[in-house]
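What follows is each chain in one-letter form.
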Amino acid sequence: MWRTSIFRPAASPDPPSPAERRPIERILARERLIVLGCLVAVAALSWFWLLGGAAGGGEMAEMAGMAAPEPWSAGYLLPAFLMWALMMVAMMLPSAAPMILLHARFTRRSGEAHVLAQTALFMLAYLDLWLLFSAAATLLQAALVASGAVSAAGLALGGGWPAGGLLALAGLYQLSPLKRACLGQCRSPLGFVMRGWRPGAAGALRLGLAHGTYCLGCCWALMLLLFVGGVMNIGWIGGLALLVLAEKLAPPRWPVRETSGAVLLVAGLVLALGG
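Residues numbered from 1 in each chain as written. Predicted model: local features only at pLDDT ≥ 70, side-chain atom pairs only at ≥ 80, totals over all residues. Heavy atoms only, no water.

Visitor: I tried to follow the overall build of the chain on my own but got confused; where do I start?
Guide: The helix and strand inventory of the chain stands at 13 helices and zero strands. Traced from its N-terminal end to its C-terminal end, the chain shows the element sequence α-α-α-α-α-α-α-α-α-α-α-α-α. Sequence separation of 24 or more characterises 75% of the internal contacts of the chain that already satisfy a separation of 6 or more. Total accessible area on the chain stands at roughly 14100 Å², and carbon and sulfur atoms take up 71% of it. (Helix = DSSP H or I, 4+ residues; strand = E, 2+ residues; numbered from the N terminus. Contact = heavy atoms within 4.5 Å. Areas by Shrake-Rupley, 256 points an atom, 1.4 Å probe, with all protein chains shown as cover.)

Have a look at this one:
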């Protein structure tokens with residue numbers, strides 16, 4: 001008995017119960033709350049800048065690069081890109097929140113050690129696709145300003161066939177099979193994550209890029225409508241953001257995509273023919 005008691009291996013200590021954890025440990029164990037807080041903070045800061053710039057006028061105009069006389073100069077392109085990037089974060093991050101939160105939950109339940117880091121990689125990979133769109137939109141904006149198709153002050157096409165044609169194009173795309181397929185992926189977070197989740201940082205990056213690709217395929221035409229109502233028109237920005245949110249989060253029986261597509265198509269034809 002004496003020899004057994006000496007050489008018996010020491011029992012490993014039990015992990016602390018939730019009540020025995022320190023406050024900071026209890027907070028860090030709730031990854032979904034941290035992720036949700038970060039999403040709300042980033043989206044709120046982006047909307048705060050947009051609303052503040054719209055109210056002040058000058059700050060948003062400066063960010064849009066209107067102070068630079070040459071649309072193809074770095075002094076114009078860089079501020080314009082920053083403006084587009086902030087708009088995309090403000091408009092797209094709220095609708096992506098369910099997918100990001102589900103990714104965090106699924107990663108934790110799979111036993112991964114770095115849940116917050118992998119969720120951050122997933123979100124950043126998703127936003128990378130919208131940064132690429134922002135770069136393309138910046139170049140399009142510079143081309144439109146240089147050609148005189150849009151005013152440098154409002155960055156809007158105005159009336160007539162250019163604006164009507166863009167509205168009709170967006171309406172047709174809303175009704176297309178490609179739009180339906182991409183929206184279906186965005187509207188089914190659980191199935192998307194279960195099919196595509198892989199462990200590790202590489203898996204998070206891959207899934208974030210896949211989600212960003214589907215989301216870009218779903219919403220690129222709606223984002224181009226900013227050139228119709230005005231890139232710096234806060235009401236137009238808010239309306240498009242609400243449409244994106246409704247498409248992804250509304251009950252399946254609500255024909256948001258079909259209704260918006262028909263409205264945009266009719267409005268585009270009326271504007272083009274009337275102009």
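Visitor: For this particular structure, what's the right way to read the side chain of Q174?
Guide: Within the fold, Q174 resides in helix α7 (residues 160-174). Within the local environment of Q174, its side chain forms a polar contact with the side chain of K179, the two groups lying 2.8 Å apart. Not counting residues within four places of it along the chain, the set of residues in contact with Q174 comprises K179, C218, L222, E247, R257, S260, G261 and L264. (Polar contact = N/O pair within 3.5 Å; in protein donor to acceptor, adjacent residues only side chain to side chain.)

Visitor: For this particular structure, what's the right way to read the pattern of salt bridges?
Guide: Pairing is possible between side chains of opposite charge, provided their charged atoms come close. Here the structure, examined in full by the defined rule, presents two salt bridges. The shortest N-O distance in the salt bridge between K179 and E247 comes to 2.9 Å. Pair noted here: K179 is in helix α8 (residues 177-186) and E247 is in helix α12 (residues 234-249), with a separation of 68 residues, a long-range link. Of the residues examined, E247 reaches a relative accessible area of 1% and is grouped as buried. R257 is the partner of E258 in a salt bridge, and the nearest nitrogen-oxygen pair spans 3.0 Å. For R257, a relative accessible area of 10% translates into the label buried. (Salt bridge = Lys/Arg side-chain N within 4 Å of Asp/Glu carboxyl O. Buried < 20%, exposed > 50% of the residue type's maximum accessible area, 1.4 Å probe, protein only.)

Visitor: Looking at this model, I keep getting lost on the packing of helix α5 (residues 74-109) against α12. Mind explaining?
Guide: The interhelical angle for the contact between α5 and α12, taken along N-to-C directions, is 20°, at an axis separation of 9 Å. When the axes of α5 and α12 are compared, the pair comes out roughly parallel. Considering how the two elements wind past one another, α5 and α12 form a crossing that is right-handed. For the pair α5 and α12, contact is made by M87, M91, M92, P94, S95 and P98 and by I237, L240, A241, V244, L245, K248 and L249, respectively. In the contact of α5 with α12, the residues fall into 11 nonpolar, one polar and one charged. (Axes fitted to C-alpha atoms, helices over the stretch in contact; angles between N-to-C directions. Parallel < 35°, antiparallel > 145°, perpendicular 65-115°, else oblique. Left-handed = near helix turned anticlockwise from the far one by under 90°. Nonpolar A, V, L, I, M, F, W, Y, C, P; charged D, E, K, R; others polar.)

Visitor: Explanation requested: the packing of aromatic side chains in the structure shown.
Guide: Between two aromatic rings, the relevant description is the distance of the centres plus the angle of the planes. For the structure shown, the criterion picks out six aromatic pairs. Between W130 and F133 the ring centres are 5.4 Å apart and the planes differ by 75°, which places this aromatic pair in the edge-to-face class. Placement of the pair is W130 and F133 together in helix α6 (residues 115-147), with a separation of three residues, close to one helical turn. Pair check on accessibility: W130 and F133 agree, each one buried. Joined through ring pairs, the aromatic side chains of W84, W130, F133 and F227 make up one cluster. (Phe/Tyr/Trp six-rings, centres within 6.5 Å; stacked < 30°, edge-to-face > 60°.)

Visitor: What is the right way to read the state of the cysteines from this model?
Guide: Two cysteines joined by a covalent bond between their sulfur atoms form a disulfide. Evaluated as defined, the whole model comprises zero disulfides. With no disulfide of its own, C218 has C219 as its nearest cysteine by sulfur position, at a separation of 3.7 Å. (Disulfide = S-S within 2.5 Å.)

Visitor: How do you make sense of the environment of L207 when you look at a structure like this?
Guide: Relative to the assigned elements, L207 resides in helix α10 (residues 200-224). Counting along the chain gives 11 residues from L207 to G196, while the straight-line C-alpha distance between them is 6.2 Å.

Visitor: In this structure, what is going on with the packing of α7 against helix α13 (residues 256-274)? I would like to understand it.
Guide: Each pair of packed helices gets described by two things: the angle between the helix axes and the distance between those axes. Running from N to C, α7 and α13 point in directions that differ by 160°, and their axes come no closer than 7 Å. Between α7 and α13, the crossing angle belongs to the class labelled roughly antiparallel. In terms of crossing hand, the pair formed by α7 and α13 is left-handed. In this structure, α7 uses G160, W161, A163, G164, G165, L167, A168, A170, G171, L172 and Q174 to contact α13, whose residues at the interface are R257, S260, G261, L264, L265, A267, G268, L271 and A272. Considered class by class, the residues forming the contact of α7 with α13 number 11 nonpolar, eight polar and one charged.

Geometric descriptors of this kind do not, in isolation, establish any biological role.
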